[in-house]
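Structural overview for review
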Amino acid sequence: MGLVSSAMTALENEPAAPATHEPLVVLDHVDKWFGQLHVLQDINLTIGKGEVVVVIGPSGSGKSTLCRAINRLETIGSGSISLDGQPLPDEGKALAQLRAEVGMVFQSFNLFAHKTILENVTLGPIKVRRQSKSEAESRARQLLDRVGVGVQADKYPAQLSGGQQQRVAIARALAMEPKVMLFDEPTSALDPEMIKEVLDVMVDLAKQGMTMVVVTHEMGFARTAADRVVFMADGQIVEENTPEEFFSNPQSDRAKDFLGKILKH
Ligand SMILES: Nc1ncnc2c1ncn2[C@@H]1O[C@H](COP(=O)(O)OP(=O)(O)OP(=O)(O)O)[C@@H](O)[C@H]1O
Ligand SMILES: [Mg+2]
């Protein structure tokens, strides 16, 4: 059994969702400006339950902004975003609930430095999910075990390697029982030997049917785990396709140019 698979079973108590096309996250004519910069331009994107979507594109194309808009760390100018049929809430309790339902893992691990690993994982479930401390702790320990850092539970983030911290960040998001997980370049701050341990956890999560949006330049991950690759440039979705088609037969000049550059490395 994979690292995260049993964690998912423990979380969901239901079989892994097949990659159905029932919509979970729907972006409809989404536009966003930063001042004069039209950073998201008429984005239409539907992410199905259980689907794994890899988003790639040049620096500044709007990938992070897209992720941040999905859990409302950024507001949008026009259009709409819905999660499981409900428009994203504006504020208050409903917004806190949304943030729990949309797990997010960033390039920088963003763990609380003055809290232990265990406390980092239990904080959300206690505050937002209203779990008891003992319940939250036992679930957190299970999740930490399953991402391979159970023995680190009582340490502080600075005492862990980058790869270990990132796996804690994943466990922390999973502890909220999210409907979808967003990953924004989760491995790009890691040393090469740590990248694989994080990608392995993500691949397991994908296999278990988690709905995932992953911004990454890890083409191996895209090929193994993605159902679909979305290529962005200049705030637009320029092209989307299965990984096989996208990598072997990119359609647009922008995508060809981008792949030419990254595949050379
Ligand atoms: N808070 C902000 N205020 C103003 N401009 C911003 C802000 N955040 C991002 N931008 C600009 O919006 C554009 C898209 O940024 P974004 O971070 O979404 O790109 P990205 O595709 O994630 O790039 P990278 O691959 O470098 O992470 C960039 O031109 C960026 O400078
Ligand atoms: Mg980014």
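All of these numbers come straight from a predicted model, not from anything done at the bench. (Residues numbered from 1 in each chain as written. Chains lettered and ligands numbered in written order. Predicted model: local features only at pLDDT ≥ 70, side-chain atom pairs only at ≥ 80, totals over all residues. Heavy atoms only, no water.)

What about the confidence of the model for the protein chain?
Of all residues in the protein chain, 92% attain a pLDDT of 70 or more, and the chain-wide mean is 91. Confidence over residues 1-19 falls short of pLDDT 50; this stretch has 38 contacts with residues more than four positions distant or in other chains. (pLDDT = per-residue confidence, 0-100. Contact = heavy atoms within 4.5 Å.)

Brief notes about the packing of aromatic side chains
Using the criterion set out here, one finds three aromatic pairs in the structure. Here Phe246 and Phe247 contribute two aromatic rings whose centre-to-centre distance is 5.4 Å and whose plane-to-plane angle is 75 degrees, an arrangement assigned as edge-to-face. With respect to class, Phe246 is no different from Phe247; both count as buried. Cluster of aromatic residues (ring-pair linked, three or more members): Phe231, Phe246, Phe247 and Phe258. The ring of Phe34 has Lys32 lying over it, and the distance from NZ or CZ to the ring centre is 4.8 Å. (Phe/Tyr/Trp six-rings, centres within 6.5 Å; stacked < 30°, edge-to-face > 60°. Buried < 20%, exposed > 50% of the residue type's maximum accessible area, 1.4 Å probe, protein only. Lys NZ or Arg CZ within 6 Å of the ring centre and 35° of its normal.)

Remarks on the pattern of salt bridges
Counted by the stated rule, this structure contains 16 salt bridges. The closest approach of N and O atoms between Glu101 and Lys179, which form a salt bridge, is 3.8 Å. One end of the pair, Glu101, is in helix 3 (residues 92-101); the other, Lys179, is in the loop between helix 6 (162-174) and strand 7 (180-184), and 78 residues separate them in sequence. Exposure remark for Glu101: the relative accessible area of 18% places this residue in the buried category. When the shortest N-O distance is used, the salt bridge between Lys196 and Asp200 registers 2.8 Å. One end of the pair, Lys196, and the other, Asp200, are both in helix 7 (residues 192-207), four residues apart, so they sit about a helical turn from each other. On the basis of relative accessible area, Lys196 is assigned to the exposed category, the value being 55%. On the basis of relative accessibility, which here comes to 33%, the residue Asp200 falls in the partly exposed class. A single network of salt bridges, built from pairs that share partners, joins Glu22, Lys49, Asp84, Glu101 and Lys179. (Salt bridge = Lys/Arg side-chain N within 4 Å of Asp/Glu carboxyl O. Helix = DSSP H or I, 4+ residues; strand = E, 2+ residues; numbered from the N terminus.)

A few points about the site of ligand 1
Looking at ligand 1, the residues that line it are Phe34, Leu37, Val39, Pro58, Ser59, Gly60, Ser61, Gly62, Lys63, Ser64, Thr65 and Glu185. With respect to ligand 1, the backbone of Gly62 contributes an N or O atom lying 3.0 Å from an oxygen atom. Contact between ligand 1 and Thr65: an oxygen atom at 2.5 Å from a side-chain N or O atom of the residue. Here ligand 1 loses 58% of its free accessible area of 630 Å² to cover by the protein chains. A total of three residues in the shell around ligand 1 trace back to one element, the largest contributor, which is helix 2 (residues 63-70). (Near = heavy atom within 4 Å. Polar contact = N/O pair within 3.5 Å; in protein donor to acceptor, adjacent residues only side chain to side chain. Areas by Shrake-Rupley, 256 points an atom, 1.4 Å probe, with all protein chains shown as cover.)

What to know about the environment of Val238
Of note, Val238 is situated in strand 10 (residues 236-241). Separated by 207 residues in the primary sequence, Val238 and Asp31 place their C-alpha atoms 15 Å from one another. Those residues in contact with Val238 that lie beyond four places of it in its chain are Phe231, Met232, Ala233 and Ser252.

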